[in-house]
Protein chains: 6
Amino acid sequence: MSQKVVTLGEVLMRLTVPNNKRLFQTVNFDVTFGGSEANVGVSLAHFGLKATHITALPHNDLGERVSRFLKLNGVSNKGVVRKEGRLGIYYLESGAMQRPSRIVYDRFDTTFGDLDESEVNWDVVFKGADWFHYSGITPAISQKAADVTLRALKEARKRGITTSGDINYRRNLWQYGKQPLDVMPGLVELTDVVVGGRVDLENCLGIVNEDWETNCKMVQEKYPHIKAFSKTIRNAMSASRNELTAVMYKDGKMYTSKTYEMKNIVDRIGGGDAFMAGLIYGLLNLEEQQTVEFAIAASVLKHSTIGDVNLSSKEEVEELVSGNSVGRLLR
Amino acid sequence: MSQKVVTLGEVLMRLTVPNNKRLFQTVNFDVTFGGSEANVGVSLAHFGLKATHITALPHNDLGERVSRFLKLNGVSNKGVVRKEGRLGIYYLESGAMQRPSRIVYDRFDTTFGDLDESEVNWDVVFKGADWFHYSGITPAISQKAADVTLRALKEARKRGITTSGDINYRRNLWQYGKQPLDVMPGLVELTDVVVGGRVDLENCLGIVNEDWETNCKMVQEKYPHIKAFSKTIRNAMSASRNELTAVMYKDGKMYTSKTYEMKNIVDRIGGGDAFMAGLIYGLLNLEEQQTVEFAIAASVLKHSTIGDVNLSSKEEVEELVSGNSVGRLLR
Amino acid sequence: MSQKVVTLGEVLMRLTVPNNKRLFQTVNFDVTFGGSEANVGVSLAHFGLKATHITALPHNDLGERVSRFLKLNGVSNKGVVRKEGRLGIYYLESGAMQRPSRIVYDRFDTTFGDLDESEVNWDVVFKGADWFHYSGITPAISQKAADVTLRALKEARKRGITTSGDINYRRNLWQYGKQPLDVMPGLVELTDVVVGGRVDLENCLGIVNEDWETNCKMVQEKYPHIKAFSKTIRNAMSASRNELTAVMYKDGKMYTSKTYEMKNIVDRIGGGDAFMAGLIYGLLNLEEQQTVEFAIAASVLKHSTIGDVNLSSKEEVEELVSGNSVGRLLR
Amino acid sequence: MSQKVVTLGEVLMRLTVPNNKRLFQTVNFDVTFGGSEANVGVSLAHFGLKATHITALPHNDLGERVSRFLKLNGVSNKGVVRKEGRLGIYYLESGAMQRPSRIVYDRFDTTFGDLDESEVNWDVVFKGADWFHYSGITPAISQKAADVTLRALKEARKRGITTSGDINYRRNLWQYGKQPLDVMPGLVELTDVVVGGRVDLENCLGIVNEDWETNCKMVQEKYPHIKAFSKTIRNAMSASRNELTAVMYKDGKMYTSKTYEMKNIVDRIGGGDAFMAGLIYGLLNLEEQQTVEFAIAASVLKHSTIGDVNLSSKEEVEELVSGNSVGRLLR
Amino acid sequence: MSQKVVTLGEVLMRLTVPNNKRLFQTVNFDVTFGGSEANVGVSLAHFGLKATHITALPHNDLGERVSRFLKLNGVSNKGVVRKEGRLGIYYLESGAMQRPSRIVYDRFDTTFGDLDESEVNWDVVFKGADWFHYSGITPAISQKAADVTLRALKEARKRGITTSGDINYRRNLWQYGKQPLDVMPGLVELTDVVVGGRVDLENCLGIVNEDWETNCKMVQEKYPHIKAFSKTIRNAMSASRNELTAVMYKDGKMYTSKTYEMKNIVDRIGGGDAFMAGLIYGLLNLEEQQTVEFAIAASVLKHSTIGDVNLSSKEEVEELVSGNSVGRLLR
Amino acid sequence: MSQKVVTLGEVLMRLTVPNNKRLFQTVNFDVTFGGSEANVGVSLAHFGLKATHITALPHNDLGERVSRFLKLNGVSNKGVVRKEGRLGIYYLESGAMQRPSRIVYDRFDTTFGDLDESEVNWDVVFKGADWFHYSGITPAISQKAADVTLRALKEARKRGITTSGDINYRRNLWQYGKQPLDVMPGLVELTDVVVGGRVDLENCLGIVNEDWETNCKMVQEKYPHIKAFSKTIRNAMSASRNELTAVMYKDGKMYTSKTYEMKNIVDRIGGGDAFMAGLIYGLLNLEEQQTVEFAIAASVLKHSTIGDVNLSSKEEVEELVSGNSVGRLLR
Ligand SMILES: [Ca+2]
Ligand SMILES: [Ca+2]
Ligand SMILES: [Ca+2]
Ligand SMILES: [Ca+2]
Ligand SMILES: [Ca+2]
Ligand SMILES: [Ca+2]
Ligand SMILES: [Ca+2]
Ligand SMILES: [Ca+2]
Ligand SMILES: [Ca+2]
Ligand SMILES: [Ca+2]
Ligand SMILES: [Ca+2]
Ligand SMILES: [Ca+2]
Ligand code: NI
Ligand code: NI
Ligand code: NI
Ligand code: NI
Ligand code: NI
Ligand code: NI
Ligand code: NI
Ligand code: NI
Ligand code: NI
Ligand code: NI
Ligand code: NI
Ligand code: NI
Ligand code: NI
Ligand code: NI
Ligand code: NI
Ligand code: NI
Ligand code: NI
Ligand code: NI
């Protein structure tokens, strides 16, 4: 039977400026949706796993739109709470060449930030679940959102479900009074797989060291239940050209994936979430080296389509890992 | 020399669902901008008057976009304050036939609601002004917005500038503690031309009567400096077909315009603001009967283009009043 | 608990020529999906009922596309069989004014026509069902499709489920050797609610009479278990203007709805299916007169949006029945 | 064997503002092509006749684009001369409701105005021809264009080919020194069928009378070889609603067509040319009353599609004349 | 006088998913047309040669659309047979970066597969022809299509016309009972110029060898009338980046073109057909080395435009061969 | 206070073929505007300087459209003369890969070419100005345009304003009787900063030498008041890939910028004008080496957006110079 993954987090509407125009001149927007953790759930659903996303959405037609987006992409909305409020938005001006992509956020005071842990039906959401995933964005939004994250981790732990956290530090969030060091250690305490780079480990856990591998060891000493660490290494020559590699530290060993050269990038937003989904899929189903290869290939494919979510199937990722499909015309 | 009109109010981004689709299914939006009072200013600028709009806009690329919108439409942005915050948004699902148009608002906690009267340079804005216009929407947004409206009216009065108010009652606003009856009488006290229907007069001024003309007389007894009252009468057979008439009560006389049958309506949003602009233009330049004819024709033309603002020139309105242009192909 | 309706039938891809162009010159198509019975299921799902659709779809990305379409519109795909084959298509050149709409079909030899009754899991599909609906299109496609229709009716009867048939006669189908009179009587034998006009009753059941009410009585004498007959009366002045009325004959009485004048029609395809869904909803939940009023209002709303399916909610239909929403701007 | 019609005239590029926007704000144009006489040729080609158009086009990719347009629409380009110069352009802002359509011309100093009668291979062009058609626009463009028109009429007369002229008076043309009364009488002298209203007859032939029938008689006295006169009567209630009727005076009798009420007009440009093509088709193939009915129905159908040219087939026009197709859905 | 080339083969409608979206999510398609052999004809027409294409198209508006496509691109449709049936379709999801392009075919039971050799007017089609071209796709479609290919080769041979075959092996076709080895040798027997790689030569002619040059020699021993062999060598690093080289074996000598590095590929579909057209043009007009240079440059230019067909003129190809135009801005 | 720059020159409408299509097949155009000198003004306005453009525009809605374009981009239109005439146009078919971009001009006999020096209000235009810029395109258009350029230079000199000239030689212009050597020396006489390559210096000033630095010295000997020379060096590997470097000769020294490799170019039109604006900004505000770095980075950013004008802010250019923003995602 297929595995089930539960994710928790806000979903934003993304309004993209089309055709290489600037935001300050556009007369239309393309509409898509995304949120770091929902992107992970959608990607896993496209790999054939069961996915359930916990979130709150406004009780109007925009909330309805997002709810349909999740459903359309194979994610159960049993964890979706509908209530009064507004939907968060972000505007994307896609970069090209030496011009960087720019995001304008309009994500404060949203319905999600007002989600109370009592509004989620934890038994229904976690029924039969194998994995729970959250990110460092959620506890940065509001006290309620931080509470709901902690509660979810406790509910997962209670049921023996593996947990992962993408401890993504976002300076512009964290405006409700708490700082990362007040909150993140309590969450990492309940986390089995940690994804983050040096800056994230420093800001969220207060661990400072030049070398990522050493960092991981230092974190593991403090949080010995952590089973694996991972991150991607992105070398960005321009908005259109990046190199991408994955590394994982697990059971005292480092695993490094193949490096992909990505030219003619279509859309890099959500590349990290596609990686995260590949990592979860791999840890549930593959050997370590295969895991980093699968995860990085998933992320590369994400860069080739429009929108925050990876629409590739498991087979498509496997074909890229094997190198069979690259440059071919599949009839 | 051309006359100058000053307007005050919030400008929202309007995201319209294209091609007769529903909001809950759309994959793109057309982007335009509007706000009741800015629409009046834009329309007057297209008639050839000088227009200056007082508002607050976020200090990001969306604020830049709105600022360019005003400028592009001939409105001076000497009254625009740029500061941190968010831009209000409304989503429009255009109706057709028996299906009504639907608006979803996302307009709370915006930059405009945080505009402080001390941030406006009143001398610059009112320099050489002949008319000041506001609406009942602004004082409904926040205490600061109500304060800025009152201040603007006082500044206008001080300079001997004629004032008009579209006392538009919006039930869903007024959420900051005050009620219309707490605020509106103080504003009407300083208003020379009042636009509103029976429901507006009841909610904003506590005047109740079955007959609009009697209503106007009752209001005028209480606020004797008011020089004129006006409103449109809309008979809406469907989203696509309406009839429209204007009435004005001035110096003890009623003036009624021709009734236009509007079939194949393109976009009715902003129809009232186009009327308001026509009314101001008329009161500044025309006889009474001509004024209602000009104002209602301006409103009709607005219904034939996309977007909140009336893009017709004074000559185009005059041609419709004269009946010369209807159904012609102008080469 | 919400009622459940099961529908059976082919889903076609609809390729629409945009912007009032002709099919023989177009350089792009808008893509939507539809099928008489699936349209009924989708509409009922939008009214808040549970809907399950039985169909067969190709095992490629086009089949995936249709499957997502059903899911997105709230219809369970537990009755969807995926197998090798092709997806049926129809091309729509939308008419305007005195120019009629034109459809080009490419719907032969499809996956659906090859659906074997043994491929459907009848227990799963009919679990908890309250109603089963089919149309005269399905038995016209292939022997297998006729067999699957008969089997579905037997499965429904066995479980005490109410059945309806839209006995839609389509001359261009029926190419596999059988004629309507060979097949339809056996299906009507198991049908509780029959929708059809005089031409349909004549071609499918061999009943000939000038007057529809008399026709119904004659059919009922032969098939005494039939509980109700219904049809719409469409008076088409042009592609853009129609009048629409519903009639129902039930328990010896005729019920006639209000007549709607539809000007500025957006898309009439699927108008009959929207009516059918309204009728089923009404017979399950409303009095007779309310039923015809609800059904015809549902059909009218369908004409105001693009695509085969009615996207209106139950509340939106009720608002049109009550006349409250017409011509309003809902904020 | 199918009949052959030769037409002569300039083809312009038409740049249309899409989506009910104004010309002064648009960020894109739809591209089509048209010219009064070419429109007639294209329409006749769509009726199944052979059509050859005489014109001059620039020797660049825009000229290539127009050449392909003619070819695509079934018109032979054996009469197309390619040479240095520019292509004429017109900008169309489509009206709606009470807002009139507006055209901005950029059509002076074009390649066509420089076409020399010696550049046309008259033998090739007129080989097997049955009819020649011109309009009053061509002689208004330049002396060379007037010369080429006269030459074409002489070549046609020499070969016994029937001729028609749409003596369309355009005040804004005629800027090369000659006036209509200097040129048009010489052309009408060689014309068998004259299309024009009272204003045209007055400006082009100096015939003044209140009543069109009397006018025709007066013209015929002066130019006794003229066999028929015709015109359309357009009653324009708005840009979206017109009534249309055809009249023809032939052999001393008046023929009047059915009057069509056109609501929801898509595009009226080229309506007169579609009528002209219908008239030519009728005079070649039908009785008089049938001729006016066919011609007016052709014109009505033109109003239902985008672009200057009528894309209807002969069968489609006949179906409208018979009333069979109106409001139907043709499968 | 310009040379004339006759081509034979099916034309499919191509429905392309726009904007880097996936097929399973798209809401619109761009419409173009193509078929291996028709692409060759169109390209030759753009080089200035006469081209006539033999095919069968349905007798509906889609068939009309394809017929207009050929005409628009300069290909005579004297070889087009119109009859009942359906048009074949293929769906293209354009790849990007490491994501391969994907094609879904819907091309069985089409009008073309039912084309009978007796329906073609061979005398008209081959009148004045210099070259006949077919591909291995046609005989793979149906027995009738194989018969028509053989008949065409015999008709060409009878008239002394040079023949070429692109012996393109497509595994998914060949479903009517015959295998390539049953059919292709009989066709190659009548072929002067063979285009194919090792896999094609093996599957179609049973010739197996590691080295392409040796292969050619072995084929030539068996089919001594063959005058030349050619193929392209594509090195595909990603969907967006390929290297392309041409080789030709003729009169015992190998000719190898310059290798082009193609970055930022726009559309690779039809690249082989553009090469084929360049090869035919070269063999008719150029020396051997010039021929491979012209053919490969033609193919490279095809990759820079949307659609199956090469829209480059002979001069544009020559400019690329000379290297003069690359990277320039031509004013 | 911010610096003020005055520019003089024609503004053309640019009609761009979208989506990698060819001009001879397109069915729509994207509309933008540009002109070498206006592009410089717009770019400087985006850097935060005051800009005023001197030009003539037609008195119709197209002229209105251009006027709004300037205003929207922050350029004062106090120097815009509105009069009868036509707007110049250019058509752009954007190249890709090895296919070059192509421009078709339709720019003769325009309103601008008819601008008389007496129609400009020189006092208003030059009030408070710090810099005046022209190009070699203007004196090539007409005698009047050459006169207006000379007059502007004299007016600038009179007021002690620094002047620059981009002495851009365009062979296809200069059709009114004069040659560059008749006119350009008189203009360079009044020019402080000269931008041009070897070909320009040869054609405009008759200075011939292999080495650009030597050329500059030779020119300076003849025109000793010239303070600086500059140009860009473009190495164009394809339409999609170029390398770009700037050089400046000033006070006897050569300054060379960093070389940028530009892959995935979006639109190169206006790249030189963006450089020119960067150069003016630098000479007014920066040291020499900083100036060439700023100017070349401005040009690179222009290549990443659609349209003739550089929409980058000063801060965005500075970020590229510093290398901080490249490849980042700015939130
Ligand atoms: Ca897009
Ligand atoms: Ca798009
Ligand atoms: Ca729109
Ligand atoms: Ca639209
Ligand atoms: Ca559409
Ligand atoms: Ca359009
Ligand atoms: Ca359009
Ligand atoms: Ca359009
Ligand atoms: Ca496209
Ligand atoms: Ca497209
Ligand atoms: Ca574009
Ligand atoms: Ca585009
Ligand atoms: Ni999937
Ligand atoms: Ni809703
Ligand atoms: Ni809803
Ligand atoms: Ni205006
Ligand atoms: Ni900004
Ligand atoms: Ni900015
Ligand atoms: Ni719904
Ligand atoms: Ni798939
Ligand atoms: Ni899939
Ligand atoms: Ni036709
Ligand atoms: Ni060309
Ligand atoms: Ni060409
Ligand atoms: Ni060509
Ligand atoms: Ni047809
Ligand atoms: Ni046709
Ligand atoms: Ni800026
Ligand atoms: Ni105008
Ligand atoms: Ni104007």
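Residues numbered from 1 in each chain as written. Chains lettered and ligands numbered in written order. Predicted model: local features only at pLDDT ≥ 70, side-chain atom pairs only at ≥ 80, totals over all residues. Heavy atoms only, no water.

### Some remarks on the overall build of chain A
The line we're drawing: Working definition: helices are DSSP H or I runs of at least four residues, strands are E runs of at least two. Numbering for both runs from the N terminus. In this scheme, a residue with accessible area under 20% of its type's maximum is buried, one over 50% is exposed, and one in between is partly exposed, where area comes from a 1.4 Å probe on protein chains only. Residues are treated as being in contact if the distance between any of their heavy atoms lies within 4.5 Å.
Helices and strands together make up the secondary structure of chain A, namely 10 helices and 16 strands. Each of the three principal axes of chain A carries a C-alpha extent, and together these read 50 × 50 × 40 Å. Across the 331 residues that make up chain A, the buried fraction comes to 64%. When contacts within chain A are restricted to residue pairs at least 6 apart in sequence, long-range pairs at least 24 apart make up 68% of them.

### Considerations on helix 2 (residues 61-72) of chain D
All names here are of chain D. To be explicit about the condition: Each helix should span, by expectation, one fewer than its residue count multiplied by 1.5 Å. Polar contacts, as used here, are pairs of N or O atoms within 3.5 Å; protein pairs need one atom able to donate a hydrogen and one able to accept it. Residues neighboring in sequence count only if both atoms are side-chain atoms.
Helix length check: helix 2 (12 residues) gives 16 Å between terminal C-alpha atoms against 16 Å at 1.5 Å per residue, within 8%. When you tally the buried positions in helix 2, you get nine out of 12 residues, the bulk of the element. Residues Asp 61, Leu 62, Gly 63, Arg 65, Val 66, Ser 67, Arg 68, Phe 69 and Leu 70 constitute the buried set of helix 2. Between a side-chain oxygen at the N-terminus of helix 2 and the backbone nitrogen of Leu 62 the separation is 3.0 Å; the capping residue is Asn 60. One or two steps after helix 2, the chain reaches Gly 74, where phi turns positive at roughly 85°.

### Thoughts on the packing of helix 8 (residues 271-285) of chain E against helix 9 (residues 288-302) of chain E
For any two helices packed against each other, one specifies the crossing angle of their axes together with the interaxial distance. All names here are of chain E. Defined as follows: To get an axis, fit a line to the C-alpha atoms, keeping to the stretch in contact for a helix; angles then go from 0 to 180 degrees between the N-to-C directions. Our angle categories are set so that under 35 degrees counts as roughly parallel, over 145 as roughly antiparallel, 65 to 115 as roughly perpendicular, and the remainder as oblique. In this scheme, a crossing is called left-handed if the near helix is turned counterclockwise away from the far one by less than a right angle; it is called right-handed if the turn is clockwise. We call Asp, Glu, Lys and Arg charged. Ala, Val, Leu, Ile, Met, Phe, Trp, Tyr, Cys and Pro are nonpolar, and the rest, Gly among them, are polar.
Relative orientation of the contacting elements helix 8 and helix 9 amounts to 150°, with a least axis distance of 7 Å. Relative to helix 9, the element helix 8 lies roughly antiparallel. In this structure, helix 8 meets helix 9 at a crossing whose hand is right-handed. The residues of helix 9 that touch helix 8, namely those facing Gly 271, Ala 274, Phe 275, Gly 278, Leu 279, Tyr 281, Gly 282 and Leu 283, are Thr 291, Phe 294, Ala 295, Ile 296, Ala 298, Ser 299 and Lys 302. Taken together, the residues of the contact of helix 8 with helix 9 break down into nine nonpolar, five polar and one charged.

### As for the environment of A:Val208
Residue and element names in this part refer to chain A. Among the secondary structure elements, Val 208 is positioned in the loop between helix 6 (198-205) and helix 7 (212-222). Once the C-alpha coordinates of Val 208 and Val 148 are considered, the two residues, 60 residues apart in sequence, prove to be 28 Å apart. In this view, Val 208 contacts Glu 202, Asn 215 and Met 218; residues no more than four positions away in its chain are not counted.

### Here we look at the interface of chain B and chain A
Heads up, the condition is: In short, buried area is how much 1.4 Å probe accessible area vanishes from two parts on joining, totalled over both. For salt bridges, the criterion is a side-chain nitrogen of Lys or Arg within 4 Å of an Asp or Glu carboxyl oxygen.
Each partner contributes to the interface: chain B provides 26 residues, whereas chain A provides 26 residues. Between chain B and chain A the total buried area reaches about 2,200 Å² when both faces are included, carbon and sulfur atoms providing 57% of it. Considering only the side of chain B, the residues that lose the most area to chain A are B:Phe24, B:Asp61 and B:Arg65, jointly responsible for 27% of the buried surface there. Counting across the interface, chain B meets chain A through four salt bridges. At the boundary of chain B with chain A, the tally comes to seven residue pairs in polar contact (both at pLDDT 80 or more). At the level of elements, strand 2 (12-16), strand 3 (28-34), helix 2 (61-72), strand 7 (89-93) and strand 8 (101-106) of chain B are the ones that each hand at least two residues to the side of chain B that touches chain A.

### Focus on the relation of the copies chain E and chain C
Copy one and copy two of the chain differ by a rotation about an axis and a translation along that axis. Test applied: All copies are superposed by least squares; the fitting set is the C-alpha atoms of residues with a pLDDT of at least 70 in both.
Placing chain E over chain C gives an RMSD of 0.0 Å and needs a rotation angle of 180°, together with 0.0 Å of translation along the axis. Both chain copies can therefore be described as sitting about a two-fold axis. When C-alpha distances to the rotation axis are compared across chain E, the minimum falls at E:Phe29, with a value of 2.6 Å. Mapped onto chain C, 100% of the interface residues of chain E are again interface residues, and the two copies thus contact each other with one and the same surface.

### As for the side chain of D:Asp166
Note that D:Asp166 resides in strand 10 (residues 162-166). Those residues in contact with D:Asp166 that lie beyond four places of it in its chain are D:Ser36, D:His133, D:Tyr134, D:Ser135, D:Gly136, D:Val195, D:Asp273 and D:Met276.

### Examining the sheet that holds strand 2 (residues 12-16) of chain D
Stated formally: One requirement defines pairing of two strands: DSSP has to find at least two bridges between them.
The mixed open sheet is built from 10 strands, whose spatial order is 16(B)-8(D)-7(D)-2(D)-3(D)-3(F)-2(F)-7(F)-8(F)-16(E). Bordering the open sheet on either side are strand 16 (329-330) of chain B together with strand 16 (329-330) of chain E, each of which pairs with just one other strand. Pairing of strand 2 (residues 12-16) of chain F with strand 3 (residues 28-34) of chain F, which is carried by five bridges, proceeds in the antiparallel orientation. Opposite F:Leu15, over in strand 3 of chain F, you have F:Val31 as the bridge partner.

### What about the UniProt feature "domain: Carbohydrate kinase PfkB" (unreviewed entry) in chain A?
Heads up, the rule is: UniProt positions are given in the numbering used here, feature names are shortened, and annotations may be inferred rather than shown by experiment.
UniProt records the feature "domain: Carbohydrate kinase PfkB" (unreviewed entry) for residues 3-307 of chain A in the present numbering. Taken as a whole, residues 3-307 of chain A contains 33% helix and 27% strand, while its terminal C-alpha atoms sit 25 Å from one another.

### What to know about the side chain of C:Arg22
Here C:Arg22 lies in the loop between strand 2 (12-16) and strand 3 (28-34). The buried category is assigned to C:Arg22, whose relative accessible area is 2%. Among residues more than four places away in sequence, those in contact with C:Arg22 are C:Val17, C:Glu93, C:Arg99, C:Arg102, D:Thr305, D:Leu311, D:Ser312 and D:Glu316.

### A closer look at the environment of B:Ala145
Residues and elements named next belong to chain B. Counting through the fold element by element, Ala 145 comes out in helix 4 (residues 143-158). Look at Ala 145 and you get buried, because its relative accessible area is 1%. Through-space distance from the C-alpha of Ala 145 to that of Gly 9 is 8.5 Å; in sequence the pair is 136 residues apart. Ala 145 has contacts with Phe 112, Gly 113, Thr 138 and Pro 139, leaving out every residue within four places of it along the chain.

### Section: the interface of chain E and chain C
Each partner contributes to the interface: chain E provides 26 residues, whereas chain C provides 26 residues. Of the roughly 2,200 Å² buried at the junction of chain E and chain C (both faces included), carbon and sulfur atoms supply 57%. Joining chain E to chain C, the criterion identifies four salt bridges. Here chain E is connected to chain C by seven residue pairs in polar contact (both at pLDDT 80 or more). Counting only elements with at least two residues in the side of chain E that touches chain C, the list comes to strand 2 (12-16), strand 3 (28-34), helix 2 (61-72), strand 7 (89-93) and strand 8 (101-106) of chain E. The pairing of strand 3 of chain C with strand 3 of chain E spans three bridges and is classified as antiparallel. The residue bridging C:Asn28 from the neighbouring strand is E:Asp30, located in strand 3 of chain E.

### Digging into the pattern of salt bridges
Tallied over the entire structure, the rule returns 167 salt bridges over all chains. F:Arg102 is paired through a salt bridge with D:Asp61; the nearest N and O atoms lie 3.7 Å apart. Placement of the pair is F:Arg102 in strand 8 (residues 101-106) and D:Asp61 in helix 2, with the two residues belonging to separate chains. The class for D:Asp61 is buried, based on a relative accessible area of 14%.

### Some words on the environment of D:Gly206
Residues and elements named next belong to chain D. On the secondary structure map, Gly 206 appears in the loop between helix 6 (198-205) and helix 7 (212-222). Once the C-alpha coordinates of Gly 206 and Pro 180 are considered, the two residues, 26 residues apart in sequence, prove to be 9.4 Å apart. Setting aside its immediate chain neighbours within four residues, Gly 206 contacts Leu 181 and Leu 201.

### Describing the packing of aromatic side chains
All names here are of chain C. For clarity, the threshold we go by: Between 30 and 60 degrees the pair is tilted, below 30 it is stacked and above 60 it is edge-to-face, where a pair is any two Phe, Tyr or Trp rings, Trp via its six-membered ring, whose centres lie within 6.5 Å.
Enumeration according to the criterion identifies 66 aromatic pairs over all chains in this entry. With centroids separated by 5.2 Å and ring planes inclined at 75°, the aromatic side chains of Phe 47 and Phe 294 adopt a geometry described as edge-to-face. Of this pair, Phe 47 sits in the loop between helix 1 (36-46) and strand 4 (50-58) while Phe 294 sits in helix 9 (residues 288-302), and the two are 247 residues apart along the sequence. Overall, Phe 294 belongs to the buried group, its relative accessible area being 3%. Between Phe 229 and Tyr 249, the ring centres sit 6.4 Å apart and the planes meet at 45°, which makes this aromatic pair tilted. A residue pair is termed long-range when its members are at least 10 positions apart, and Phe 229 in strand 12 (residues 228-236) and Tyr 249 in strand 13 (residues 242-250) qualify at 20 residues.

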